[in-house]
Amino acid sequence: QVQLVESGGGLVQAGGSLRLSCTASTSGRTFSSYAMGWFRQAPGKEREFVAGISWWSGGNTVYANSVKGRFTISRDNAKNTVYLQMNSLKPEDTAVYYCARGEYMPTNPSRVGSWGQGTQVTVSS
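In this text, all values refer to a predicted model and were calculated from it rather than measured experimentally. (Residues numbered from 1 in each chain as written. Predicted model: local features only at pLDDT ≥ 70, side-chain atom pairs only at ≥ 80, totals over all residues. Heavy atoms only, no water.)

Caption draft 1: Representation of the environment of glycine 113 within the structure. Looking at the secondary structure, you find glycine 113 in the loop between β9 (95–102) and β10 (114–115). Relative accessible area serves as the criterion here: at 63%, glycine 113 is assigned to the exposed category. Those residues in contact with glycine 113 that sit more than four places away from it in its chain are Arg101 and Gly102. (Helix = DSSP H or I, 4+ residues; strand = E, 2+ residues; numbered from the N terminus. Buried < 20%, exposed > 50% of the residue type's maximum accessible area, 1.4 Å probe, protein only. Contact = heavy atoms within 4.5 Å.)

Right under this line is the structure:
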């Protein structure tokens, strides 16, 4: 059973930066054999894809158009951790951010096998 634990959320002013981390504790298959991703959910809205990365460190990455050029996803397989560096934050980035694990690039919720508990990101104007 995998456990995904996010950290790094908080309150930041517009234009600021945050880095989210998600560390996996696993048994059986190794962290490095899974694709990873980040989703977010704002109040009253559906959960949406933010970014994804394939299984190897430095692997293929995919971004939602709304965050392309501002957010960067990366992973450190030696630390069982995936990161989301968020720069030039906007108030519309305010949401609960969820870490996700999948057999394949988790670009939509149907591809997600495991979710983290979520971490709140609030961007003030």
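Caption draft 2: Structural context of the environment of glutamine 120. Positionally, glutamine 120 belongs in strand β11 (residues 119–124). A polar contact of 3.4 Å, which involves the side chain of glutamine 120, links it to the backbone oxygen of alanine 95. (Polar contact = N/O pair within 3.5 Å; in protein donor to acceptor, adjacent residues only side chain to side chain.)

Caption draft 3: Seen up close, unusual backbone geometry. The residue asparagine 80 is not glycine, and still its phi comes out positive at about 55 degrees. By the secondary structure assignment, asparagine 80 is in the loop between β7 (71–76) and β8 (81–86). Despite not being glycine, serine 88 has its phi angle at roughly 50 degrees, a positive value. Tracing the backbone shows serine 88 in the loop between β8 and β9.

Caption draft 4: Expanded view of the packing of aromatic side chains. As enumerated under the stated definition, the model contains three aromatic pairs in all. Judged by centre distance (5.7 Å) and plane angle (75 degrees), the ring pair of phenylalanine 39 and phenylalanine 49 falls under edge-to-face. Note that phenylalanine 39 is positioned in strand β4 (residues 35–41) and phenylalanine 49 in strand β5 (residues 48–53), a separation of 10 residues in sequence. On the numbers, 5.0 Å between centres and 70 degrees between planes, the contact of phenylalanine 39 with tryptophan 115 is edge-to-face. Taken as a pair, phenylalanine 39 in strand β4 and tryptophan 115 in strand β10 lie far apart in primary sequence, 76 residues in all. Of the residues examined, phenylalanine 39 reaches a relative accessible area of 0% and is grouped as buried. If you follow arginine 47 out to its NZ or CZ, it ends over the ring of tyrosine 98, 3.6 Å from the centre. Sitting above the plane of the tryptophan 115 ring, arginine 47 keeps its charged end 4.5 Å from the centroid. (Phe/Tyr/Trp six-rings, centres within 6.5 Å; stacked < 30°, edge-to-face > 60°. Lys NZ or Arg CZ within 6 Å of the ring centre and 35° of its normal.)

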